[in-house]
Each structure stands twice: as C-alpha cells, then as structure tokens.
Amino acid sequence: MNPTKQIVSGLARRQRAEKRFRLYGLIAVVLGMAFLLLLFGSIVTNGYKAFTQTYIELPIYFDPAVIDPSGERNHQTLFSADYWKLVKTAVYQKFPQVNGRKERRELTRMISEGSAYELRDQVLENPRLIGTTQHVWLAADDDIDMLMKGYIDRNLPEDERRLNDRIIGYVDSMREADAIERRFNTTFFAAGDSREPEQAGILGALMGSFLTLIVTLLLSFPIGVAAAVYLEEFAPRNHFIDLIEININNLAAVPSIIFGLLGLAIFINWFGMPRSTPVVGGLVLGLMTLPTIIIASRVSIQSVPPSIKEAALGVGASRMQAMFHHVLPIATPGMLTGTIIGMARALGETAPLLMIGMVAFIVDPPGGFTEPATALPVQIFLWSDSPERGFTERTSAAILVLLAFLIAMNAAAVYLREKVTKRF
Amino acid sequence: MSPLVLIFLLLALSSAAYFFSQRRMLRQTRNANVARLNSLPEHFGTLGAIWAGAPALLVYFVWLIFEGDILMAQVLAMLPDPESMAATRELLIGDIRNAINNPMSYQMASEEVRMAADRYHELSQTATLALTATCLSVFAICSALVLKFLTPRVRARVRVEKIIRGFLLLCSTLAIFTTVGIVLSVLFEASRFFQAVSVTEFLFGLEWSPQMAIREDQVGSSGAFGAVPLFAGTLLISFIAMLVAAPIGLMSAIYLSEYAPAKVRTAVKPMLEILAGVPTVVYGFFAAITVGPALRGFGQSVGLDVASESALAAGFVMGVMIIPFVSSISDDVITAVPQAMRDGSLGMGATNSETMRRVILPAALPGIIGGLLLAISRAIGETMIVVMAAGLSANLTANPLEAVTTVTVQIVTLLVGDQEFDSPKTLAAFALGLALFFITLVLNFIALYVVRKYREQYE
Amino acid sequence: MNTTETLAIPIPEQLDPPAVTGKVDLDLTTVGDFTVPDPRMKIRDVNVFYGQKQAIYDVNLDIGSNAVVAMIGPSGCGKTTLLRCLNRMNDTIDGCRVEGQVEMDGKNVYGRKMDPVLLRARVGMVFQKPNPFPKSIFDNVAYGPRIHGLVRDRTDLEEVVHTSLERAGLLDEVKDRLDQPGTGLSGGQQQRLCIARAIAVSPEVILMDEPCSALDPIATARIEELIGELRKNFSIAIVTHSMQQAARVSQRTAYFHLGYLVEVGSTKDIFTTPKHQLTEEYITGRFG
C-alpha cells in the first residue's frame, strides 16, 4: 500500500491525540493558576476586614473619686486605678433603661477589656483629663466586631448565635446614633499578642522576625560568600572538597525541622543558650539558609567572565587581589539576589522555630536578641489554633502582611537580577 | 567591664595595631633606604593587626564558650545538697539558669536556687575581670612580638593571603560541621531513647501512644513507641501530594515549554513560582481553614464520612505546594534535552506530543525521576501543613478520608511545650528526627546523583 | 575549476556578510534557469522573515525528481533557511514567517489544508549534526514507521528496518547489535543511521543540511557515495559548505548570496563557466 495513504489514514487519530495532550497541559496550567487564586482569594477574603476594627463612642467621666481620691496625682495611684469602673459607669449611663446584673454584664462585655489600659494611658499622658467628661472611641469586643463585619448571621435562632437579640438591639441603637463604627485597626500593627482578638497585634512578632533575620543575615551572608569564594577560586580538587560540596548540596535539601532539632540539641541544651530567643532562632535559620547562599554566590561568581580575572592577573595582581578587587564587585548583585531569596525563605520558615521554643505566648515586643520572642509565621501558627472568629480573621491579615514582606523581598531580588543581566 | 565592651576594646586595639604597623613599615623603609616594600603597606598593617589581635580574640571566645559550664560546675560544687533540690542535675541547672537570666524566676525560686544564682553572679563578675586582664596581657605580649618580628623583609602579602585562605576554608567547612552537628545531636539523643525502647519495637511496632509515658505514677506507664503508623501516615500523605503534584507539575512544564506562546510563558511561570515562595504555614492555614472543611462538606453531601483533619486535605495542599517544584525541575530537565532531538523527531513527521512522549520524556526520564525523588523528600520532611491540617493520633490506615499523623507532626507535638529531657516521650522526637534525616538523606543522595549523571550526559 | 586555491582559504563562520568587490549595486536577479522538466517541489517567490529581519528574498527554485540539487553560498546566505522551508521545519522557530509558495504535487505546502506531519513524512530531513535518539539502533529506525503506523506487525517492522539500514549502507556494521544504543556509534555511522531513519518512512524528498560538516573525510566519502546511491530512488536537496562536495554529489547547483538566489544551473556549468560575477568570485575563492 502507498505509504502516503497509510499515513493519511492515521492522521486524524494522531491529531486528536495531539489536541488531547495539549489540552492536558493547558488543564494543568489552569489548575495551578486556580490553586494560586483560591489560596490568595481565601486568605484575602478572610483577612482584609481585620485591618478595620469596630469602635464604640462613650462619654467617659474621668471621675477623680475613682482615679485619684487623694488628689496628689501620684503616678503609682494613677497607674493602678480602676479604669474599668469608668467604662462601666459610662455604659450604664448610655443605656439607662437596662437593669439587672445579667443584662448589665452583657452591656459591659460589649467593650474590649483593653479599654481600661487605653484610658489609663490617656490619663497618664494628660492628668488634666481627670474631672472632665470626654467622648472617647473605645475598641469593641470581638463578638461585636464580628457582628459589625457581618460574620454573625442575624437570621439564626437566638440560642445558636454568639450574641443574643438584646445585644444586637444595643448595637443597632448605637449604630443609629452613629456611636459605633469601623475604623482603621491601629492596634493590629501597634500591639503584641493577646488572648483577646481585638487587642492582639503583630508588632511583637514583627520585631521578633526582624531580630531573628538580622542574626540569620550576619551568620549566613559573610560565611556563605566566603565559602563560595573559596570553593570557586581556591579549593584544590580533592576528596575533602568533594565532601564539602556533597554536604552543601545535601544540606540544601534537609527538612527544615531537622535544623530545629539541631538548634534544640546543640545551641540550647549543649551551649545553654536561652530558649525562645531571636539569637538561637537566627543561628538555626542561618545554618539553614547557608547552603542556598553558597550555591547562589557560586553561580554568581561563575557568571563573571574569566577574562576579567585574567586581566587582573595579567597586570600582576595576586589571585586574592583579582578575586576581591575585580570578581567579587561584579558578582555582588547576584550574591545579594541569592541572599535576599534565602532571607525570604527564612522569614517564612516556621518549623525550626517551634523546636527552639519560639512558640511561647509573648505579649511584649522583644527588646533584644536574647529576650523571649516569637516570629511572624509562628504568630500565624499560634493564632490559627484559636477558635475565635476574630483570630481567624487576624491570622489571615497577618498572612497578608507576611506575604507583602515576601513579595517586596522577591521583587527586590528580581530587580537586582534584571540590573545584572543588563550589564552583560 | 562587660564582655561586650571588652570585645570592642580589642577590636579598637587591633585597628590601632593596623595603622601603627603600616606607618612603622613605611618609616623603616625610608630609613633603611629600601627601594620599595615587597608588599603594600596595607598588607603589613593587616598582618600586624592579626598577629597582635587574633590570639587575644581567640582567648576571648574560647573563654566565653566554656565560662558558663565552668562557673556552673563551681556553683553546684558549692551547694550543700544538690541532689535534694531537684530530680536531676539537668533540671537543677535549668532552674538556676532561669533564676540568673530572669528576675521573675528569681523571685519565685527556692532559697537554695537563689543563693546559687547570687553566687553565680559573683563568680561571673570575677571571671569577667580575669578575662579582661588575660585578654589585655595576651594582646600586649603579641604586640611586643609584632614589634620584634614584623620587619620590611617579611613577605606580608603572602602571609595575609594565607591567613585569609585559611579563614575562607574554615567558612566552607561549616557545612560539614552542620551535618556532623545534626547527625551527632539526633544520634546522641536517639541512642538515649533506644536505651528505653528497643529499636525493633520502634521500627516495627504498630502502636504509637507516647502520651501515656508522662503519667509515670500509672501502671503500664511506659507508653507505646511503635513508629509504623507514623511512617504509614507520612507515606500516605506524601503519596497523595505526589498524585497531585507530579501530573500537574510535569504537564504544566511540558505545556509551558512546548506549547504556550512566549507571552503566556513569561506571565505564567513567575506566577507558578509565587506558589513556591508562599510559606508553608500559609498552606497549613489554607488546608485547615478552607480545604479541610470544604472536603468535609463535600463528603457529607455525597454521603461520605470525611474526617475534618483528613489525610486527603493535608496531602492535597502539600501537593499544591510541590507543584512549582516539580514543574521547575521538569522544565530544567526537558529544556536540557538538545534541540537536535526535537528537530530529528519533528523532521520525521512526528507530532509535538509524539515527540514529547516518545523522544523527549524517555530521554529526560532519569532527570525527572531524580526531581520527583527530591519532591518526595520534601513532602516527607514538610512540617507545618501536616501540623496544622493532619491529625495527632496515630492511625494505621490507607483510607485518605481518615485522619492520620506523620513523623514531623509527632516531632512537633512531642517537643513543643514543657520538656523533660530524660523522658522517652521527648527523646522519641529525636529518634523520629533520626529516621526522618536518614530517609531524606538517602532520597536526596540518590536524586542528586541521578540528576548530576543526567546533566553530564548532555554537557 | 581551481579547487586547491579555494581549499587554502578558510571559510569564516558567522561573520558579517563580506563586502562585495567591484560594483556597489550588483544585480541580484537569478541568473540561469531555475526550472526543471519534472519537478518534485517548486519554490516560487519565497520570502522568509525572522521577526523584522528578512532572510530570503524572492527565491524561485525547482527540486527535480531523482536528482541532487546542491545549495551553496557563504555563511548566513539563507541556504539552510530555505531548506527548512521545504518541510516547514521553520514552524518550530519563534517569529519565523514565510511568504510565497512552496508547492508539492501542485499543492502549496503552506496552504491551510497542508498538515506538516504528512509533509514531513514525505519530505525527510537529515541534520548537520547526527542526532540519533537515545534509543537502540533498531528503535531509531523503527521510530518513523511506528509513529506513522506504516507496519502491521513486528515482522513487517523488522523488514523495514533491515531494508532501510541496508540502503543506508549501515546494515553490515550494526546487524549484530541492533539493540545497542544508537548514540554509541561513531559519528559517520550515526549520520548514516539518521539517513536510514529518514528513509524508513519512504519519503519522496530528502533534505540534507550540511550532513558531513561534523564528520571526518573518510566518513564524508561514505556519505557522499551513499547520496549517489539514494539519488536513484529519492529527490535530494543538499546544503553544503564544501564546493568540492557540491561538485561531486550534485547534478544542479544553486548559489545563494545574502538571501538571494544568484545563480542556478547544472553543476558542471556553475563550476566551469559561472555567469554571475559573485558566483565566480565565490567559487574561485575570492571570498566566502
């Protein structure tokens, strides 16, 4: 039979197979994109409302009898006064029709317990407030916040809701009087962790991450670059160097949690370094990031044209001088790119930090490298465990902040890389 | 003087030595009418600074590393009856350390511990003084030696470069030290675990319930440490992850490299890479909050009982995480196959898919397998997704709709929270860590070897 | 024909087009008759662009039946580009655009109905560098018949493979090791394997893109001999750098310059009495 005819007879089937194969590929890409969208979509929709917080306006009478009975304006007295009582009085006055212990308790629960500290700080800053009445916007409790953000379904039967009809009635009446509204949530960026969602913020975790990353950078960047320089330029070809290279490649693929075990056993148990601190976290993440930086730096050194080194050697520079005066400056942007990417990875890393105890509940932002701290991804982990709807929302918001940092770092890395490619 | 001030003082003295040596060499050269120095003045300066400062700095760091242990030993020796104060020596040391570092703990500590802490403070002040004196005198002696031996005839550049080379070598050996550190730390603690629990029970036991071990007063408090359910759970979740990641990653790499127009490729590739840059804790949250409940809801609507922490949810999300990894490795491997192979096949009249399936993929197979092995190793070692979305209780099942637990989940559960370093419960985490390290090491080793051999084939 | 002189001058690769000696405005319309009595393929007014850059200008050329046409010219003159137009291998290059007509049996190769798969089965190709697949020798030759469904069973397939290897003059050397990888053969053997692979699907035309440029002189001689044999059954278009090779294997020769077909005619005429000044300068080795 004529081969052309034979080929033609199979063509339709083959073209269908071709189209099918192509379709599978397209489906795979579309699925990948869909997962990305789903991931970001679910986090954004869960989290964007956490950047606002519900506040309630109350006419607070800074009662001298409560704050400073003696009138001496003694700091200690002002500091330890019962400011919550001011809040209670103000709420009762706002809803004079409410009587009975249970109902009044419900009323005061609408205001965040952190309001007492807010008032205290105002008084300490400006003692002349005492004796006056001020209209103060105080953070609402997280349940009220959830109601205002529409997470509580008013159509549910009353006993299946977190808020009963009475409280919803209070909120609605305040809403009509413009005494309750959602404002930008400064607490989220200015406070440390808290058991109450409306008082919880990421400042402590951000500080912890920042301190940890500084230690990571100080450890891994100089050592990583030094190791890359040695391996690329000075290392003899022998089994010892092979061993080093095998080690570096393998360490790059060791699960991060193993580095956490290393930190726990060596740094904490053996060296006796303090648990839960940025310095230990930074060392562990530094060791983890080191292979990434070494590999990136080596690639960057390799990409410098050999002619540049040869030119330097040709005018009588030593190998060391050729390296440090001519090759390294050209390779620096590439090395920085690798370092930034490594740092971004370290910033998002959680598991090793769990091992060395950076999961503690820590309210105050850390002041130094050896103070107990937590880190942003660990904070996300901690909050994700909390059952309150308010924390789910804040977890997503914290993730958005973390992703914003990561995107910024990666953008910087891409920018640096583009700049380098243009030069050659 | 605090140790921190001392180190700055030493560094300042070393820089002084730098400038001094440099100028001295220039002066001597002028006086001796030497035509020129054999090295740059900076080299002499650096050499002078290193000779003068390095020994003192070395003393400083060695001292600081051992100071804590030595002082603690002295404090313990001074205590009248250390055994009565805490269950073990480690716990006692921990108590004293807390009292030293944390004023709150100090106030809450017992009389003896406070005394020990006070004593520690005294000793440490004396030690700091002694350290200062030692370091400064070492510096002085070395400076004198610099005066005597650093002459214009010393080949300063060669010596400085040798020292720098030594330093560079030291930095590159850190990778070895890290590996050794990992191996030693898990091996040491795991060996303590295996004193209490036999290796065979750990490797082949079918029951895992370490929680019982902490109730030591109970009968049968030894707990069960059979790790098979954990290995099985890890494999199940990794398997589901690979079922998601391998086809999607591979097919999207093929589509992007062979079919997609250049514009689509440049837009889609970085977006897939975003998936790789998302921290695992975010995936964990996604699995726990979105995927888990969705699967459960879907299961209910079709009459299936899906656990809220099902292996399917964790495995699925882990698969999504690994997609870009598989895709980028496959892309590398596929583009490494020479264009001549494509031309040869297309020139015969093969379609793109025939070329891909019959020529490119078989040629790229070793590389792809290596990449998949690396991906599996990632899935096995992945922690946060399973901690947040998989179960806690060991469950020996192959049903992806049930909750299973994994090696990494158990390591985290056993080590987060209060630890006692002599209970098998805590030590078990290190035994699991050892197993995890060993498995991933073997996988990585094979994978890297296969990939390297593959690359060499086309270079 | 002064071949020794041309040999003495190394042919620079990938350089800018050489400055043309003599007149600045040379007439680049084709000299000679580009048609043949019984053409297998016809190239008519073909222009090829890579993005904005034009690589081929208004080329007309016939590929004759059972004959070898050689395409010669300095580097970058577009001869490989034109060759790849004939079986649409240019489709695989991003940004490559072809205008004009390439006809086979009266049908435009670039027409909407033309399936490149079928075209490439009928117009086989042998590449510059031997590119056997990383498979066994047998599977390499069997690749085409398998994908195109040309054989019914294993016996058929073995027969096709044996015939193809025999026609490529390779059977005697490899018949004991058909299951060995094709990449293990020597360069010349690999190239003959690629030829066997190409003829296994019984194409009508075989395109050869500098098939000997990666081979040593002995292997080259064998391939040239083989081309002479193959001419009896196939139409062949060969791109070559070596004028001697063109002279030895071809009946017609086309000389290209900067994307223009400058002169075409019988090989004998081109090498003995070139009509165009550029052709003469090229074959006498004044540039190239």
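For the structure, see preceding data.
Summarised in this report is the structure supplied together with it. (Residues numbered from 1 in each chain as written. Chains lettered and ligands numbered in written order. Predicted model: local features only at pLDDT ≥ 70, side-chain atom pairs only at ≥ 80, totals over all residues. Heavy atoms only, no water.)

1. Digging into the pairing of strand E3 (residues 68–72) of chain C
Residue and element names in this part refer to chain C.
Reasoning step 1: Burial analysis of E3 places 5 of its 5 residues in the buried class, which makes it a mostly covered element.
Reasoning step 2: The two faces of E3 match: Val 68, Ala 70 and Ile 72 on one face and Val 69 and Met 71 on the other face are all buried.
Reasoning step 3: Both E3 and strand E8 (residues 235–239) contribute to a ladder of 4 bridges, which runs parallel. Residue Met 71 lies in a different strand from E8, and its bridge partner there is Val 239.
Reasoning step 4: Taken together, the 4 bridges between E3 and strand E9 (residues 252–257) define a ladder with parallel strand orientation. Bridging from a neighbouring strand, Val 69 pairs with Arg 252 of E9. (Buried < 20%, exposed > 50% of the residue type's maximum accessible area, 1.4 Å probe, protein only. Helix = DSSP H or I, 4+ residues; strand = E, 2+ residues; numbered from the N terminus. Pairing = 2+ DSSP bridges.)

2. Here's the deal with the interface of chain B and chain A
Reasoning step 1: Each partner contributes to the interface: chain B provides 81 residues, whereas chain A provides 75 residues.
Reasoning step 2: Between chain B and chain A, the buried area comes to about 6700 Å², and carbon and sulfur atoms account for 78% of it.
Reasoning step 3: On the chain B side of the contact with chain A, B:Leu168, B:Tyr255 and B:Phe285 bury the most area, a combined 9% of that side's loss.
Reasoning step 4: Scanning the region where chain B abuts chain A turns up 1 salt bridge.
Reasoning step 5: B:Glu354 is paired through a salt bridge with A:Arg14; the nearest N and O atoms lie 2.8 Å apart.
Reasoning step 6: The tally of links from chain B across to chain A stands at 11 residue pairs in polar contact (both at pLDDT 80 or more).
Reasoning step 7: Top element by residues in the side of chain B that touches chain A is helix H7 (residues 156–196) of chain B. It accounts for 20 residues.
Reasoning step 8: Grouping the amino acids of the side of chain B that touches chain A by side-chain chemistry returns 51 nonpolar, 23 polar and 7 charged. (Contact = heavy atoms within 4.5 Å. Buried area = accessible area lost by both parts, 1.4 Å probe. Salt bridge = Lys/Arg side-chain N within 4 Å of Asp/Glu carboxyl O. Polar contact = N/O pair within 3.5 Å; in protein donor to acceptor, adjacent residues only side chain to side chain. Nonpolar A, V, L, I, M, F, W, Y, C, P; charged D, E, K, R; others polar.)

3. A short note on helix H13 (residues 278–302) of chain A
All names here are of chain A.
Reasoning step 1: With 25 residues, H13 should reach 36 Å at 1.5 Å per residue; the first-to-last C-alpha distance of 34 Å fits that figure.
Reasoning step 2: The sharpest bend along H13 reaches about 35° and sits at Thr 289, with the proline Pro 291 one to four residues further on.
Reasoning step 3: Of all 25 residues in H13, 21 are buried, a share of seventy percent or more. (Expected span 1.5 Å × (residues − 1). Bend = angle between axes of the 7 residues up to and from the residue.)

4. Brief notes about unusual backbone geometry
Reasoning step 1: Despite not being glycine, A:Ser276 shows a phi value in the positive range, around 60°.
Reasoning step 2: If you trace the backbone, A:Ser276 turns up in the loop between helix H12 (256–270) and H13.
Reasoning step 3: The exposure class of A:Ser276 is buried, given its relative accessible area of 10%.
Reasoning step 4: Of note, the phi angle at C:Ser202 is positive, near 45°, even though the residue is not glycine.
Reasoning step 5: Mapped onto the secondary structure, C:Ser202 falls in the loop between helix H7 (187–199) and strand E7 (205–209).
Reasoning step 6: With relative accessibility at 40%, the residue C:Ser202 sits in the partly exposed group.

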